[in-house]
Every structure is written in structure tokens, then in C-alpha cells.
Protein chains: 4
Amino acid sequence: MAYIGPPITVADVVVRPSRSIIKQSYDARERRNDSSLPFHLGYGNLNGDGFGIGWFPPDSACATADHTPCVFTSITPAWNNDNLNRLATKLESGVIFAHVRAAYPGMPVSEANCHPFQWGRYIFMHNGVVAGFMQIRRRLLAELGDAVYNAVQSFHSDSAVRLGDAGGHRSGIKSRGTAPHSPSLALSPPLRPACSIQAEAGMAPSDVSLLNFVVSDGRSLIATRYVSSADEAPASLYYAEGSAYEREQLSGEEGDYHLLYSDKGSRVCLVASEPVTSAAHDWCEVPANTALVV
Amino acid sequence: MAYIGPPITVADVVVRPSRSIIKQSYDARERRNDSSLPFHLGYGNLNGDGFGIGWFPPDSACATADHTPCVFTSITPAWNNDNLNRLATKLESGVIFAHVRAAYPGMPVSEANCHPFQWGRYIFMHNGVVAGFMQIRRRLLAELGDAVYNAVQSFHSDSAVRLGDAGGHRSGIKSRGTAPHSPSLALSPPLRPACSIQAEAGMAPSDVSLLNFVVSDGRSLIATRYVSSADEAPASLYYAEGSAYEREQLSGEEGDYHLLYSDKGSRVCLVASEPVTSAAHDWCEVPANTALVV
Amino acid sequence: MAYIGPPITVADVVVRPSRSIIKQSYDARERRNDSSLPFHLGYGNLNGDGFGIGWFPPDSACATADHTPCVFTSITPAWNNDNLNRLATKLESGVIFAHVRAAYPGMPVSEANCHPFQWGRYIFMHNGVVAGFMQIRRRLLAELGDAVYNAVQSFHSDSAVRLGDAGGHRSGIKSRGTAPHSPSLALSPPLRPACSIQAEAGMAPSDVSLLNFVVSDGRSLIATRYVSSADEAPASLYYAEGSAYEREQLSGEEGDYHLLYSDKGSRVCLVASEPVTSAAHDWCEVPANTALVV
Amino acid sequence: MAYIGPPITVADVVVRPSRSIIKQSYDARERRNDSSLPFHLGYGNLNGDGFGIGWFPPDSACATADHTPCVFTSITPAWNNDNLNRLATKLESGVIFAHVRAAYPGMPVSEANCHPFQWGRYIFMHNGVVAGFMQIRRRLLAELGDAVYNAVQSFHSDSAVRLGDAGGHRSGIKSRGTAPHSPSLALSPPLRPACSIQAEAGMAPSDVSLLNFVVSDGRSLIATRYVSSADEAPASLYYAEGSAYEREQLSGEEGDYHLLYSDKGSRVCLVASEPVTSAAHDWCEVPANTALVV
């Protein structure tokens, strides 16, 4: 999931909501079932193979400040991680990413494979799978220029390699200046190269890639919801926008959050695989094969 | 779960069965629901806070061989652990323990808190909870003699402290010589001290302790199924016994296993929170507040 | 080591100095040799059993901000930790702690045993050893009130237990208001209880405790340099104070730092087991059995 | 280091010798200094970025036994790892590998990057460095056939990629039948491909590769000591052979070991970067650019 808006603690987005991503790490409700996968993946509700958070640090007066986004990852599950709980209540940012991972066969549990990935001034994460990644990895990598090839953080993760691909094309990662804008929807940017490689490799169109990406440069945010086959459902993706994002009451470790709607327009946007607040009307589904630009 | 019988690979018990403990680590079906616990515990089907295996090494001719049981533990989930997968297919033993952990509040995720625990020539694990452990820990520890107190591996785990308690009393851990015997059932050994301490501490009888212990010295095995209140159900516990434990077919990574019944009598016994083979008639429920002695 | 002064990135204190604590983690030069310890401890130059950083978050306008200090710990060595390198260049604070650990026998490598420890609004760390900790642990713990006893993060670390002791007495952790002050030296606060317990336990005075503590509430900082025997040298401790702490040049990952001395008085203070800047005249040794109050 | 001979506990080779590889993990004495590396590498005595052990399981009567070698790796240092200490005293084997790692820049600390590597019935490890690996990685990988490419465990380790290279050529990994033989020395097998790639990439001959490999199929063992420049010293490599390998006395956790020499000929061989026993005459240096075949 990702947040863009006024600075807020990471915990308010990642830890404290009653339906936070930490709950989604052991009780995801909308992941597609796929009986060809190992049971703990195909069953569809478990994301316990590590996690990560990413955020853009607040503005700083320090001469030595680093303005690139920061990432913290761990190979233990998100639901019981002391470092996460401590960091989340202290860190504040206007752009926050969080990801809980379900490791696919051939893509080991390691910090380097945990999302989000940081690359220069960008932060990126992926929910889904590149169909037949282990079969087409070599061809995907061959498409990359040397600079991009050497910057890929892991060749053992379909997501990290796709970031390299996206980075090579710089497709769509153009900042729209001051943000957040009213979110707008556009046709998904050209994610074609992987598809043609898959066809070359003899993969059937029924081997479905699910490419829900979120990328940000700290000012804008783009989220895609993409499925490679018109006959299949994409992985779930929702967004919520409003003038403010607030907790119902301040006491307690956990609580419910909601969006406010005033005449000040849209100042906050969240995107997530599953609604994070319990008010269903806060959330809109992103249409299939569409990109959300904030 | 635990196995006692002819030497077998750890994988045949822990990894390969279609309903192995690894599946139980993310899809436990019989854990009690308890809405007072954090969601990922109260929901009841997740044991992802580390795991451990224990086994007695085969007989050795090496002068330097250590005859105490061996333990391997890890804080990452069992379902995606390369060391476990490699070790399990190579290690062989006649007494094998395996445990997947759900960490309760106040009892951190750490290797020292992972079951099974080894103590001299014994190996021990616990499924359940000591009610109000954080409130009565100090009194429980005060009961222990110095030697036992200093041997407790972790004061931050109700189970490790209970092992200390059991060790202090040496209750019931008497070997019955050559094993396995036909399993027999007995009244559970005196687990009273904790109960009286709980009463002193003002805990209501409705604060229920679930004390399913398994302990072995490499020749015998004792498993308890205990609940502190007559009004509540104990944690689940089953056993299966037969003349042999075999895989249906040898191909593939996973498969179904079953017990054989010949006139040679009982030579194999498994105990587990949930049946590990799919043949329901292989398994008997251990009655509440009873100890199984093999 | 610890820093108090104007907000600065954690990296400027912990990572980038040419003689940073990360270098001290594999090349400590002033640790006492002790041939009774396992070789990797007695040899004296290795602190590779995990590390931690602690800091007080900057002031925040967020209603949900948590004003207690934050801690990040890891069981892998500090010299090759990606999370540390990423966090350190992004986090800014006016009070920063960092610690690299050498685990003594009986005190396992675990996140819970890594310094610094956070307790309410305090942060605490220890360099040294409580002599005979495993022999006197039970008596040390018996001295603690219930509230303190239950708050001790680990009973398997002499340092965590000593924090409990210090917390019980609240000795000396009195804030001096706006900070930093000109550092002043005082006789070390009463660390006697452990000593009398050691005597009761029959330990020889030659079993030496080294109690270099640093504690802060975010406004003041107290550092002790204590050895229990007049015949033995304490663990090393230095401080540096000045009007500013600056990097010589801004390029490159690493560099040398120095203190500036203007007429504005003392605004920055660092304490460390070994000088962090290469200008020897920046650093004063804290006398034995003395507390530095900043 | 590696052992081939009669079955023995892993601890007798890896943990208990007074100059065991665990000591070498924090006090390596013969690593080359290289001031171009980060301080903790160039300084030359620290191998704390994870470790691994590998061994061939003893013969088994189990139908489900896996006869490939087993590997256990960890990202925490070898000198304080409870799993290692427990496993080592229980596991017995006639072919044992152990490796302590110093991670080079660009090759992260991860279990997948820890040696030894297992591949089918082979086990492999590397001490040294492929010069300019990050610059030539892409070309090295391009040399590999698809089957080998996809079997490489990590593309982020020069050693794992070199194993792929060696595996592609199958150079020299031919078993000599029953073992161990009297060790014999041969010219090092063709390690040329990497060199010509390095030349193509414009690397100066002074960028030196150090390629000390050890590989075994459980019956034979081959160890190379290779340096790419005639002007530079290779990484250290010694071997010891005799009729038996024994501990001086059986008491205590640690002790000194020595080789025996009887008329029964050579039945034991050890290879190591530094002598593991204190009897200097037990050890012969492997000449530069030579392979030892046992």
C-alpha cells in the first residue's frame, strides 16, 4: 500500500489501522487463488516472507542530508517485528510505501528481495507476478542497458528485474510537479516487452502476469493495475482520496481511520490491495489495465 | 508433532506429508479461537513466528560423539526455510520433534524462544499457553532450585520456564527402557504448582492454561494434553500407532503417508496437534488431562 | 558512543567518520584484554555480535507523534548492514546513541540483548561487564520492584538487568533542563548494590565489573566510567565538546570530522570508547569512577 | 577448510581445534592486505559476514534417503552461532566443508551468498575474489548454457557464478573412485575464460583474481590455489595428510589435534587457508597455480 499527503507517522498508515497491511500479511482477503502454486501461496491469504517500508524523509536543513527515499526491510513477518513497531511510531513522511511479501518458488526469502526497492530518487514496489519469470529471466535481463543491468538489486526477484525494465524505459515516471493532484486514470504505460518475450519463450497466453506497480519520486505517485490476459482478473487495487486522513479516536494502539471530504479539494490519496479503512465508500476500485496518477 | 519408531528422515515426518506441520504453520485448523489475543493469534491458524526441529542422533562409533539430542531453530517461518529443507532430507533419527511457533505478547520472536528445548538428555516442547504468564513469572521462577533456574534457556517464554519447572520436579520423565512401547494413557502428572500460583495471583479460573507437553529421552516419549479448567476444551492432540509408517508413493516432493498394521505389534507412534496422514482412522484423540506414555 | 547537540544525520556520527563506531566494531583498539574469556572476546578488538542505534525523534506537529526515543537493532554485524546504512543517512536527531556488541558467554546474540535499551522516555547503553553476572543474576533480579522486574527487556543480558536496577533507583537520571550544558564531572552515582551482592556470592574482588553506562532523556546525558576494583583499569571512555561538529569536506562516503571552538560556548558533546575524530586534542579521557553530566 | 577421511564429527574439524576456522573467522592471519578494499576487508583478519558448513551424509538404509551433500548456512558470524554449535557436535561425515565469509562490495550478506554451494552431487566453495566481478558479471553469465545459468544460486556472488562456470565445463570434477587417495598435485585446470573476459573488459593485469576452490563429490576432493598474475602471491592454502586425525585429549570443549603417521598409508587429508593443528610439520603449502587432488 502507499500514502501520499501531508506528513503523518508511518504507524498511522501501516500499523494502527484496524485493517492495516500487517493484518493483510496474515489475512489477505482478495488475493487470487492459484492451485498450481505451493499451498501457502495458492491458498491466498498469507504474506509472511518478509516485508518492507519506504518513505521520503521530511525536508531538512542539514548540509549532509540525503534526499533519496529510505527503505527498511526484514525477512521476518511484519506482524511481529519490533524494529518495525518502533520505527513506524517515530517516522513521519508525506509519501509512505509498505509491502508484505509472499515469496514465489525460485525467488528466495532475503532482504534484497523485499519490496519496496529504492533507485536513485524513485521508490517502487510490485504486487503480482511476472508469468514464467524463471524461464524468461535471461531474456528480460538481456533487454537492459549496462547501467540499468548493474543497478538491479536482485536477479532473483521478478519485481526487482521489472524495476530495471521500467527504469530502462523511464516510462511514465515523470513527475507532475507539486503534488498530490487529484488522481487521474490513464491507460497503463507500455508493459509490452515482457509479454513479447513470454510469447517468444513459448508461454501460453493463459500464463498470466499480474503487474500492479506503485512508483513515486516523492512528489507524484503512479499505480498500475495490469493483467496480461483479457480473460483473467487482475490483482486487486483500490484507492481512496480526500481532504484529510484521520483516526477516529486517539487512544489505544489500534483504531479505525477514515477520509474527510471538505471543499479544500484532494490532499490525501491512499492506494492498497485491500481497503485500509472500514468505510467502504472511501474506496474506489482501479479499473483493470489502468494507471492511477496522483 | 513428534515421531518415535525406526530411524527415518526428518523430511518424511516434517516436510513431505501432505498435511505436514509446515502446512499447519500457515493453516492450522484446530487451534482454539481466542478473541482477547492479537488478531493473528486469536484467529487461530497461523504459526509463523519461528520454528524448530529436534532429534536424537543415530548411534555412533565416534569417540567424541555427543549423545544428547540436537536442536535446530530459526526465527523465520518454517514454510520457506532453505536450511530446514536441506537438513530434513539428510537427517535420520528414531525420535523426531518439530514445532511451529505462534508468539504470544511479551514473548519475543527469538531463536532462544523457539521449541523444542534441549536439556541434558531430554528434549521438550509445548503447545498451548500458561495463563497469565507475565503476571506469575516471578513466582514460577522463585519455585526453581538454583541449578534449574540457571539452566532455563529463556525467561521470556512460558514454555521454557515450564520446562524448568518440570525439570525441577523430574515428574514423569522416567524412561521405560527399550521403546517404543504400546502407548498407554495415564492421568496427567502433577501440573499443580502453576495453578496454585495463578490462584494466589488472583487470576480467575477462567484464565485457562493449555499445557500440551511432549518430552523424550530418546527411548520413551510422554505427551500430555491438559487444560486447567473443566469447562474449557484443551488444545487438540492426537496420536497414531502402528507397525510401520510409510509413504504411499516415492515420487515427488510431497505425498501422503499412512500407518501399517501387522501382527508385529506397535513399533511406530506419532503425536500431533492435527493428523499428519489423511487416513482419519489412523488417529486417536488423546483424552483431556491425560498423559500418553510411549 | 553518543552525541548530543544540534540535529545531525545519524550517519555523520555513526557511519561516515573515518574512526566511526563501525570501524570500532572490527578494530576496537582500547578494549581490555582478558585471557579468561573466549578468544574472540579476550583478544579484544571485535564487536560483531549485533549492534543498535537509538535517537530522539525531532519535534513533530503530528497529533499521533510518539515522543519516546526510537531504537533500531540487528543481530548481524554493523559493518555490513544495509538497513543501518540507509536509515543512518536519512534520520536526523539531536541525541544519538550507537552501540556495537560483543556477546559474553550465557548472553545470547539476539535483538533483545542489543543495546541501546529504551525505557519510557529514557535510552540507555552499557559498555563493559557485570562480574559474575550468571552467578548473581538471581539476586540482582530479587532487588527489583515488580514494575521494574516486568519491564526488564532481557534477563539474559547483564546490561538489560542493570538498566532495571538503575531504573529502580532512578539514581542520577534527573534532567538538567535545556541542554547541552557544559559537561561537568561528578562522582559516579551509587552502583553499590551489585558490588555487595557479588561479595555475598563469594566473588573475589579481583572479579572486576566494568560499568560504563550512558543514559539520556533527550535533553541531558549522563555517562559513567566505573571499575569495581581500584587495582584495575576501567574500560576506556572519552568525551569531546565544542561549539560545532563538522565534516572536513563534504564529498565521498567517509571523511574526517572535527570539533569547532567559538565563543558561543559548548553546544555539542560526544562520548565514546575511542575517539571518533582524528584530532587527538578534541578528546578528554573521563577519569575513573566518575560520571560525566551533559 | 575441508576434511576427507573416516567419518568424524563436524565439531572435531570445525569447532573444537584450537586454531579452528571459527578462530580464523575473527583472527585470520594469512589473508592478503589490500588497501583498495573497505577497511574491514583490506585489514585482512575478519570473516564475519556469515558462514556455512557442508557434508556428505553417511550411508543410509532409508528408501527415501537423499544422497546429495547437505549445506547449512547463516548470515550471522560463526563464532557465536548456537545452531552451528549444536549441529557440529552431532553430525558425522567423511567429507566436511566449512567456510567463513568476508563479503565484498556489491555482494550482499545473505544465506544464498554463503559458501559452500551444493549442486547436484557436488559441493563447492571459494576463497578469494574474481577481479572486477561487477564489471564482467554480465559477460561471465553470457558464457553459461541455459541449464547452468538457471542453476546458479546467486548472481550477486562471484563465487556462485564461478561455480556455474566450472559446472558448465565440468573441468576436473572427475571422481577418482574410492578415496581418499594419496593427494597428488597437478597443474590447475583451465580457469582461463574469466581471464580473457577480464582482458576484454579492459582490466589491467594488476587486477588480481584469487581462485582457491575446493570441490568434492563425496569420494574425491580437488583444491586449487590460483592467482591470475605471476607477480602476485596467491591466497594461502595448506594441506595435511596422514593415517589418522586425532584429538590430543578428550576433555574440554576445545583442544589441539594432530595427524598420525603409520604404515597404513594416507587415509585422512585436510585442506585449509591456515593450519588447523598447531604442529607446523603436519602442513604443506600448496604451490601457486596448482591443484591438489585427493
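Residues numbered from 1 in each chain as written. Chains lettered and ligands numbered in written order. Predicted model: local features only at pLDDT ≥ 70, side-chain atom pairs only at ≥ 80, totals over all residues. Heavy atoms only, no water.

- As recorded in an unreviewed UniProt entry, chain A goes by the name Glutamine amidotransferase type-2 domain-containing protein, listed as coming from Chlorella variabilis.

1. Focus on the relation of the copies chain C and chain A
Then step 1. In screw terms, the move from chain C to chain A is a rotation of 180° and a rise of 0.0 Å along the axis, fitting with an RMSD of 0.0 Å. Each copy turns onto its partner about a two-fold axis. Closest approach to the rotation axis within chain C is made by the C-alpha atom of C:L91, at a distance of 4.4 Å. (Least-squares fit on C-alpha atoms with pLDDT ≥ 70 in both.)

2. A word on the interface of chain C and chain A
Then step 1. Chain C puts 27 residues into the contact, and the matching count from chain A is 27 residues.
Then step 2. Of all residues in chain C, C:T64, C:R86 and C:K90 bury the most surface against chain A, accounting for 27% of the area lost on that side.
Then step 3. Linking chain C with chain A are 0 salt bridges.
Then step 4. Our enumeration of links across chain C and chain A arrives at 6 residue pairs in polar contact (both at pLDDT 80 or more).
Then step 5. The element contributing the most residues to the side of chain C that touches chain A is helix 4 (residues 82-90) of chain C, with 5 residues.
Then step 6. Of the residues belonging to the side of chain C that touches chain A, the class tally is 13 nonpolar, 7 polar and 7 charged. (Contact = heavy atoms within 4.5 Å. Buried area = accessible area lost by both parts, 1.4 Å probe. Salt bridge = Lys/Arg side-chain N within 4 Å of Asp/Glu carboxyl O. Polar contact = N/O pair within 3.5 Å; in protein donor to acceptor, adjacent residues only side chain to side chain. Helix = DSSP H or I, 4+ residues; strand = E, 2+ residues; numbered from the N terminus. Nonpolar A, V, L, I, M, F, W, Y, C, P; charged D, E, K, R; others polar.)

3. Brief notes about the interface of chain C and chain B
Then step 1. The interface is formed by 15 residues belonging to chain C together with 15 residues belonging to chain B.
Then step 2. Surface buried jointly by chain C and chain B totals about 1,300 Å² across both partners, of which 44% is contributed by carbon and sulfur atoms.
Then step 3. Remark: the boundary between chain C and chain B carries 2 salt bridges.
Then step 4. A salt bridge links C:D146 to B:R138, with the nearest nitrogen and oxygen atoms 2.8 Å apart.
Then step 5. Linking chain C with chain B are 8 residue pairs in polar contact (both at pLDDT 80 or more), by the criterion used here.

4. Some thoughts on the pairing of strand 9 (residues 221-225) of chain A
Residue and element names in this part refer to chain A.
Then step 1. A large share of strand 9 lies buried, amounting to 5 of its 5 residues.
Then step 2. Burial of strand 9 is two-sided: the residues L221, A223 and R225 facing one way and the residues I222 and T224 facing the other way are all buried.
Then step 3. Sheet topology note: the strand 8 (residues 210-216)/strand 9 ladder contains 3 bridges and is antiparallel. Counted as the bridge partner of S216 is L221 from strand 9.
Then step 4. In textbook terms, the turn of a hairpin is the stretch between consecutive antiparallel strands, and for strand 8 and strand 9 this stretch comprises 4 residues, one of which, G218, has a positive phi near 95°. (Buried < 20%, exposed > 50% of the residue type's maximum accessible area, 1.4 Å probe, protein only. Pairing = 2+ DSSP bridges.)

5. As for the packing of aromatic side chains
Think of a pair of aromatic rings as described by two things: how far the centres are apart, and how the planes are tilted against each other in angle.
Then step 1. Within the structure shown, the criterion is met by 24 aromatic pairs over all chains.
Then step 2. Residues B:Y149 and B:F155 carry aromatic rings whose centres are separated by 4.9 Å and whose planes lie at 50° to one another, so their mutual orientation is tilted.
Then step 3. For B:F155, a relative accessible area of 0% gives the class buried.
Then step 4. With a centroid separation of 5.1 Å and an interplanar angle of 15°, the aromatic rings of D:Y245 and D:Y257 are classed as stacked. Here D:Y257 lies in strand 12 (residues 257-260) and D:Y245 lies in strand 11 (residues 244-247), a separation of 12 residues in the sequence. (Phe/Tyr/Trp six-rings, centres within 6.5 Å; stacked < 30°, edge-to-face > 60°.)

6. Description of the relation of the copies chain C and chain B
Then step 1. When chain C is fitted onto chain B, the two copies agree to an RMSD of 0.0 Å after a turn of 180° and an axial shift of 0.0 Å.
Then step 2. Interface overlap between copies is the fraction of interface residues in one copy that are interface residues in the other; for chain C against chain B it reaches 100%, indicating a shared surface.

7. As for the pattern of salt bridges
Then step 1. Enumeration over the complete set of coordinates arrives at 24 salt bridges over all chains.
Then step 2. Residue B:R121 is joined to B:D217 by a salt bridge in which the shortest nitrogen-to-oxygen separation is 3.6 Å. Residue B:R121 is found in the loop between strand 5 (117-119) and strand 6 (122-129), and its partner B:D217 is found in the loop between strand 8 (210-216) and strand 9 (221-225); the two are separated by 96 residues along the sequence.
Then step 3. For B:R121, a relative accessible area of 43% corresponds to the partly exposed category.
Then step 4. Taking the shortest distance from any N to any O, the salt bridge between D:D12 and D:R16 comes out at 3.2 Å. One exposure class covers both D:D12 and D:R16, and it is buried.

8. Points about the state of the cysteines
Joining two cysteines, a disulfide is a covalent bond between their sulfur atoms.
Then step 1. Inspection of every chain in the model, using the stated rule, returns 0 disulfides over all chains.
Then step 2. Of all cysteine sulfurs in the structure, the one in C:C70 sits closest to A:C70, which takes part in no disulfide; the separation is 12 Å.
Then step 3. Among the cysteines around C:C269, which has no disulfide bond, C:C284 carries the closest sulfur, lying 9.3 Å off. (Disulfide = S-S within 2.5 Å.)

9. A word on the side chain of B:T290
Then step 1. By the element assignment, B:T290 lies in strand 15 (residues 290-293).
Then step 2. Here B:T290 falls in the buried class, since its relative accessible area comes to 9%.

10. A closer look at the sheet that holds strand 1 (residues 2-9) of chain B
Then step 1. Sheet architecture is open: 7 strands sit in the order 3-2-4-1-13-10-14 (chain B), paired in antiparallel fashion. Where the open sheet ends on each side, the last strands, each with one partner, are strand 3 (70-74) and strand 14 (283-285) of chain B. Neighbouring strand axes in the sheet, compared pairwise and without regard to direction, differ in orientation by 30° on average.
Then step 2. Where strand 1 of chain B meets strand 4 (residues 92-100) of chain B, 5 bridges bridge the pair, whose relative direction is antiparallel. In the strand pairing of strand 4 of chain B, B:I4 is matched with B:V95.
Then step 3. Its contacts with the sheet put helix 4 (residues 82-90) of chain D on strand 2 (51-55) and strand 3 of chain B, and the angle it makes with strand 3 of chain B is roughly 150°. (Axes fitted to C-alpha atoms, helices over the stretch in contact; angles between N-to-C directions.)

11. Comments concerning helix 5 (residues 133-142) of chain D
All names here are of chain D.
Then step 1. Within helix 5 the residues assigned to the buried category are F133, I136, R137, L140 and L141. Seen along its axis, helix 5 keeps its buried residues to an arc of 150°; they face one direction. Opposite its buried face, helix 5 presents the exposed residues Q135 and A142, each directed more than 90 degrees away. (Arc of directions from axis to C-beta.)

12. Topic: the side chain of A:D12
Then step 1. With respect to the helices and strands, the residue A:D12 is situated in helix 1 (residues 10-14).
Then step 2. A polar contact is formed between the side chain of A:D12 and the side chain of A:R16, at a distance of 3.2 Å.
Then step 3. Not counting the four nearest positions on each side in its chain, A:D12 is found in contact with A:P17, A:Y245, A:Y257 and C:T64.

13. Concerning the sheet that holds strand 1 (residues 2-9) of chain C
Residue and element names in this part refer to chain C.
Then step 1. Pairing in this open sheet of 7 strands is antiparallel, and the strands run 3-2-4-1-13-10-14 from one edge to the other. The open sheet terminates on both sides in strands that have one partner only, identified here as strand 3 (70-74) and strand 14 (283-285). For this sheet the average axis-to-axis angle between neighbouring strands, irrespective of direction, equals 30°.
Then step 2. Two strands pair when backbone bridges link them, and strand 10 (residues 238-242) and strand 13 (residues 268-272) are joined in this way by 5 bridges, in the antiparallel orientation.

14. Some words on unusual backbone geometry
Then step 1. With an omega of -10°, the peptide bond between A:H115 and A:P116 qualifies as cis.
Then step 2. As for its position among the elements, A:P116 is in the loop between strand 4 (92-100) and strand 5 (117-119).
Then step 3. At B:N289, a position not held by glycine, the phi torsion is positive, near 55°.
Then step 4. Counting through the fold element by element, B:N289 comes out in the loop between strand 14 and strand 15.

15. A word on the pairing of strand 15 of chain B
All names here are of chain B.
Then step 1. Residues T290 and L292 of strand 15 are buried on one face, and the alternating residues A291 and V293, pointing to the opposite face, are buried as well.
Then step 2. Across 4 bridges, the pairing between strand 9 and strand 15 is antiparallel. In the sheet register, T224 faces strand 15, and the bridge partner there is A291.

16. A look at the nonpolar core
Then step 1. Ranked by size, the top nonpolar core spans 144 residues in total, and within it A:Y245, B:Y245, C:Y245 and D:Y245 carry the most contacts.
Then step 2. Apart from the residues lying within four places of it in its own chain, the contact partners of B:Y245 are B:Y3, B:I8, B:D12, B:V13, B:P17, B:Y257, B:H258, B:L259, B:V268, B:L270, B:V276 and B:T277. (Core = buried A, V, L, I, M, F, W, Y, C linked by side-chain atoms within 4.5 Å.)

17. Some details on the confidence of the model for chain A
Residues and elements named next belong to chain A.
Then step 1. For chain A, per-residue confidence averages 84 on the pLDDT scale, and 83% of positions sit at 70 or higher.
Then step 2. Within the model, pLDDT remains below 50 along residues 170-181, and this stretch shows 24 contacts once partners closer than five positions in the same chain are excluded.
Then step 3. Here the complex is predicted with pTM 0.91, and the ipTM for its interfaces comes to 0.89. (pLDDT = per-residue confidence, 0-100.)

18. Concerning the environment of A:A199
Residue and element names in this part refer to chain A.
Then step 1. Relative to the elements of secondary structure, A199 occurs in helix 8 (residues 192-200).
Then step 2. Residue class for A199 comes out exposed when judged on its relative accessible area of 53%.
Then step 3. In sequence terms A199 and I136 are 63 residues apart; their C-alpha atoms lie 9.9 Å from each other.

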